[in-house]
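# Structural description and commentary
For reference, the chains in residue letters:
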Amino acid sequence: AFESEKVDFAVAYAAKAFLCVAMAQLVDEEGLWLDVSSGGELYTALSAGFPPEKILFHGNNKTRHELELAVESGVRYIVIDNFNEIEYLDGFVRRKGRKQQVLIRVTPGIIPSTHTYIQTGQMDSKFGFGLATGMAMEAVIEVLSRESLSLKGFHIHIGSQIFALNSFEKAVEVMAAFVSEVKSRTGFEAEVVNFGGGLGIKYRIQDVPATIPEYVKTITEKAKEEFFARNISLPLLMVEPGRSIVGNTCVTLYTIGSIKEIPGIRIYVAVDGGMSDNLRPMLYGAVYEAVIANKMKKDLEMKVTVAGKHCESGDILVKDVWLPEPESGDILAIPATGAYGYAMANNYNLQPRPEVIFVTKGKARTVIRRETYDDLIRNNFKLHGEK
Ligand code: LLP
């Protein structure tokens with residue numbers, strides 16, 4: 001989509017949506033950059049042989065160890081989030097006798113319409129430097145004064161699962177104004193502007209998100225308009241989508257176990273997973289579709305609620321979905337679980353995490369094996385005797 005807009009661009013896949021070694025390799029094969037937001041994501045990417053010069057490192061509280069790992073492994077951009085980071089990074093990079101390229105994360109004061117937990121652009125945010133408070137400009141001046149840090153541009157991320165493209169237009173406008181203000185105050189002209197991720201995807205049949213080409217066109221056209229109007233040449237335009245790359249690529253398969261009809265109230269169909277492999281319904285009230293994979297051609301006969309197997313009443317994966325008559329042993333499939341599903345999976349109730357399988361052109365390959373009970377106690381020590 002960017003190629004047809006004829007602009008300088010880079011697309012970084014946001015690793016937090018889903019990462020494993022094979023995924024990092026796939027992202028590299030597809031020619032994308034990678035956005036990591038922890039030492040663990042960085043380590044996984046490096047273990048996969050992902051080129052560090054195509055990695056950006058985010059986070060509102062990167063630890064000293066994570067910053068050192070990023071610098072030493074040659075990560076392209078560290079995205080500066082706060083003044084403590086400037087201080088530590090400057091000292092460390094100087095001690096190493098190196099220089100580090102950085103972007104500065106700006107908090108624009110834009111509130112897109114999405115779940116409040118995944119809004120990130122508002123002023124009251126733990127991320128970045130506020131524009132309205134003048135902190136963003138202060139950060140620029142501070143970074144420019146440090147010889148070890150080479151400022152390349154700015155970053156902004158307004159939130160996730162966003163349908164309204166005008167929120168992205170607003171982000172472009174705010175950034176162009178800031179780039180221009182920085183240029184007139186300091187003479188620094190941004191080479192890179194990163195607009196973050198956030199494009200929404202279809203979870204339910206009735207969802208109509210913008211398409212990737214529409215999203216890209218919105219950003220590139222608005223950027224041309226806003227930057228040229230201020231007499232600034234277009235920087236390299238960067239985006240870092242996670243959900244819109246992997247969300248719709250994945251289907252989670254469960255086996256139906258118990259089926260419980262509470263007369264006049266509800267039919268519960270329970271599966272062998274739940275909030276341990278998909279926290280999103282519980283955390284954000286996220287709504288999914290469900291089908292019975294081995295009964296795709298059967299009529300929809302019953303309205304049921306798909307429950308997980310965990311010890312919480314709130315462990316419900318899908319409420320009130322129509323299915324063919326379910327039977328114990330059927331395979332229940334929930335689509336659109338590729339983003340923030342496995343990535344947020346956990347071992348609640350000491351439930352082992354499931355296997356992840358890549359499928360292409362009729363071929364299947366396991367890329368993360370199913371956890372075993374031994375995996376669950378791997379880091380445990382006995383109370384007495386030898387460790
Ligand atoms: N860049 C930054 C700096 C981010 O914080 C995020 C997501 C992205 C890019 C990718 O955004 P995406 O294109 O995936 O919307 N766990 C939540 C989503 C949290 C998003 C966190 N940041 C969920 O399941 O909805």
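Just above sits the structure.
First, a word on scope: everything that follows refers to the structure included in this document. Remember, it's a predicted structure, so these values are computed and weren't measured experimentally.

## Regarding the site of the ligand
In the vicinity of the ligand lie 18 residues, with Ser160, Glu240, Arg280, Tyr284 and Tyr340 positioned nearest. Asp35 places a side-chain nitrogen or oxygen 3.5 Å from a nitrogen atom of the ligand. A distance of 2.9 Å separates an oxygen atom of the ligand from a polar backbone atom of Gly198. Coverage of the ligand by the protein amounts to 91% of the 590 Å² it exposes when considered alone. A class-by-class count of the residues in the shell around the ligand yields 6 nonpolar, 6 polar and 6 charged.

## Quick word on the sheet that holds strand β12 (residues 291–292)
If you trace the 6 strands from one edge of the open sheet to the other, you get β12-β15-β10-β11-β13-β14, paired in mixed fashion. Of all the strands in the sheet, the pair left with one neighbour each is β12 and β14 (316–323). Both β12 and strand β15 (residues 331–335) contribute to a ladder of 2 bridges, which runs antiparallel. Across the sheet, residue Ile292 finds its bridge partner in β15, namely Leu332.

## A word on helix α1 (residues 21–29)
Listed in full, the buried residues belonging to α1 are Ala22, Met23, Ala24 and Val27. Residue Gly31 follows α1 closely and has a positive phi angle near 80°.

## Regarding the side chain of Asp330
Mapped onto the fold, Asp330 is located in the loop between β14 and β15. Asp330 gets classed as buried once you look at its relative accessible area, which sits at 5%. In this structure the side chain of Asp330 is engaged in a polar contact, spanning 2.8 Å, whose partner is the side chain of Asn294. Polar side-chain contacts of Asp330 include one of 2.7 Å to the side chain of Lys295.

## Things to note about the nonpolar core
The biggest cluster of nonpolar side chains holds 78 residues, and the ones touching the most others in it are Tyr13, Leu34, Ile78, Leu89, Ile104, Phe154 and Phe195. By residue number, the principal contributor to this core is helix α6 (residues 165–186), which donates 10 residues. Here Ile104 is in contact with Ile80, Phe129, Ala139, Val140, Val143, Leu151, Gly153, Phe154 and His155, once residues within four sequence places are set aside.

## Digging into the pairing of β15
Where strand β10 (residues 251–262) lies against β15, 5 bridges are found, and the strand directions are antiparallel. Across the sheet, Leu253 pairs through a bridge with Ala333, a residue of β15.

## So, the pattern of salt bridges
Inspection of every chain in the model, using the stated rule, returns 22 salt bridges. With a shortest N-O distance of 3.7 Å, Lys217 and Glu5 are connected by a salt bridge. Linking Lys217 in helix α7 (residues 212–229) with Glu5 in the segment before β1 (9–14), this pair joins segments that are 212 residues apart in sequence. The partly exposed category is assigned to Lys217, whose relative accessible area is 39%. With a closest N to O distance of 3.4 Å, Glu191 and Lys152 form a salt bridge. Of this pair, Glu191 sits in the loop between α6 and β8 (192–194) while Lys152 sits in strand β7 (residues 149–155), placing them 39 residues apart in sequence. Taking relative accessible area as the criterion, Glu191 reaches 43% and is therefore assigned partly exposed. When its relative accessible area of 16% is taken as the criterion, Lys152 is described as buried. Put simply, Glu87, Asp90, Arg94, Glu142 and Arg146 are held in one network by salt bridges that share partners.

Rules used throughout
Sequence order as written defines residue numbering, which begins from 1 separately in each chain. Given that this is a predicted model, residues contribute local features only at a pLDDT of at least 70 and side-chain atom pairs are listed and counted only at 80 or more, while totals for whole chains, interfaces and linings are drawn from all residues. To get the side-chain values, all heavy atoms of the structure are used, and hydrogens and water are removed first. Think of it this way: one heavy atom of a residue within 4 Å of a molecule or strand is enough to make that residue near it. In the analysis that follows, any N or O atom pair within 3.5 Å is treated as a polar contact, provided that within protein one partner can donate a hydrogen and the other can accept it, and provided that, for residues neighboring in sequence, both atoms belong to side chains. Exposure was quantified through the Shrake-Rupley algorithm and a 1.4 Å probe, taking into account, for residues, occlusion by the shown protein chains and nothing else. Just so you know the grouping, Ala, Val, Leu, Ile, Met, Phe, Trp, Tyr, Cys and Pro go in nonpolar, Asp, Glu, Lys and Arg go in charged, and all remaining residues, Gly too, go in polar. Strand pairing requires that DSSP identify at least two bridges connecting the strands. The numbering of helices and of strands both runs from the N terminus, where a helix is a DSSP run of H or I of at least 4 residues and a strand a run of E of at least 2. A simple rule labels every residue: compare its accessible area, found with a 1.4 Å probe on the protein chains alone, to the largest value its type can have, and call it buried under 20%, exposed over 50%, or partly exposed in between. Nonpolar cores were defined as sets of buried Ala, Val, Leu, Ile, Met, Phe, Trp, Tyr and Cys residues, with membership established by side-chain atoms within 4.5 Å. Here, residues are in contact when the closest pair of their heavy atoms is within 4.5 Å. Salt bridge, as used here, is a side-chain nitrogen of Lys or Arg placed within 4 Å of a carboxyl oxygen of Asp or Glu.

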